[in-house]
Amino acid sequence: MRLDCNYITIHVYDNKYFDNLTLFVKEHFDTVENKNSVIVIADFIENPVSYYRKLYPYKKIVFYNWEQMVSNNTYFDIEKMVENIKGVDELWDYDELNKEFFSWYGVNVNKVIPIRYTESIKCIENVKEPEIDILLFGFINDLRLEKLKHIFPPLYHDYSLMIISGMDREEQKKHIANSKIILNLHGMQPYCRQEQERIGFCLNNGKCVLSEKSQINYFGDAIIEEDVQNIPFVIQYLIDNNAWKEVAEKGSKMFKENKCNIIRNEV
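Description of the structure in this document. Remember, it's a predicted structure, so these values are computed and weren't measured experimentally. (Residues numbered from 1 in each chain as written. Predicted model: local features only at pLDDT ≥ 70, side-chain atom pairs only at ≥ 80, totals over all residues. Heavy atoms only, no water.)

1. Looking at the pattern of salt bridges
Right, so step 1: In total, this model carries 16 salt bridges according to the counting rule given.
Right, so step 2: The partner of Arg2 in a salt bridge is Asp4, and the shortest N-O contact between them spans 3.1 Å.
Right, so step 3: Judged by its relative accessible area of 49%, Arg2 is partly exposed.
Right, so step 4: Note that Glu197 and Arg169 form a salt bridge whose closest N and O atoms lie 3.4 Å from each other. With Glu197 in helix α7 (residues 196-204) and Arg169 in helix α6 (residues 169-177), this pair connects stretches of sequence that are 28 residues apart.
Right, so step 5: Relative accessible area serves as the criterion here: at 10%, Arg169 is assigned to the buried category.
Right, so step 6: Taken together, the shared-partner salt bridges in this structure form one network comprising Asp19, Arg169 and Glu197. (Salt bridge = Lys/Arg side-chain N within 4 Å of Asp/Glu carboxyl O. Buried < 20%, exposed > 50% of the residue type's maximum accessible area, 1.4 Å probe, protein only. Helix = DSSP H or I, 4+ residues; strand = E, 2+ residues; numbered from the N terminus.)

2. Digging into the sheet that holds strand β8 (residues 161-164)
Right, so step 1: The strand order across the open sheet built from 5 strands is β8-β7-β9-β10-β12, with neighbouring strands paired in parallel fashion. Each end of this open sheet is capped by a strand with a single partner; those strands are β8 and β12 (224-226). Strand-to-strand twist across the sheet, computed as the mean angle between neighbouring axes with direction ignored, equals 25 degrees.
Right, so step 2: Across 3 bridges, strand β7 (residues 132-137) lies against strand β9 (residues 179-184) in parallel orientation. Paired with Leu135 across the two strands is Ile182, which belongs to β9. (Pairing = 2+ DSSP bridges. Axes fitted to C-alpha atoms, helices over the stretch in contact; angles between N-to-C directions.)

3. Concerning the nonpolar core
Right, so step 1: Ranked by size, the top nonpolar core spans 38 residues in total, and within it Val25, Phe29, Ile39, Tyr64, Leu203 and Phe219 carry the most contacts.
Right, so step 2: The contact partners of Ile39, leaving out residues within four places of it in the chain, are Ile8, Thr9, Ile10, His11, Val25, Phe29, Val62, Tyr64 and Trp92. (Core = buried A, V, L, I, M, F, W, Y, C linked by side-chain atoms within 4.5 Å. Contact = heavy atoms within 4.5 Å.)

4. A closer look at α7
Right, so step 1: In terms of residue burial, α7 counts as a mostly covered element, since 8 of its 9 residues are buried.
Right, so step 2: Of the residues one or two after α7, Gly206 is the one with positive phi, at around 70 degrees.

Listed below in structure tokens is the structure:
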């Protein structure tokens, strides 16, 4: 999919869940400084630099990677993607650990740019007293299901947990608006990267985020991070004491004001 902006062109893989990243890039990088640049999201997993040079002659080609660069990522061919990247004018990434991974292949990441507050993706009108205690949304693989086996039993009977997957954005937003806590679980092990786009979207829209720990937490105290075995007890505390409201308000304010402290965890 191609989006022509004032100064840049955004070329993004045709996926309904890349809409927020497209808006993020447009809002923050459609500037004079980036004039005549084509910023490519995800599509370079399949296509090499030469493909974009033919498609966009005389343009600066920038690949902005949002994939988790870990050897245990089996969702796509990492070796092929790395080859496709070689020779690009600039490579951007959202995570410092991805930069380190690319360096092992002799590929330099020019800029590490994590997600940040984006006015154009502030699009949810939250329910004042949500009906759903905990919401988990996104792709539900075997690993996330295994983690839920540890999280769900202590919550059964007294706390509502909803899992949604594959919904269009508009339907997804309705459930997010009607939830107290958004739960974030990693879909890979033993190595993974923080799910920045998902968490950033939730903070952008005033939600309380409870996440499994990441090696680098780019949101710091704007979210709550905990080990999987302790997550159900944190949920109980947040719901029973209405503390989720304070966490949501504090986290969203920190994110909007760009005051998130980066935390490095031993995981």
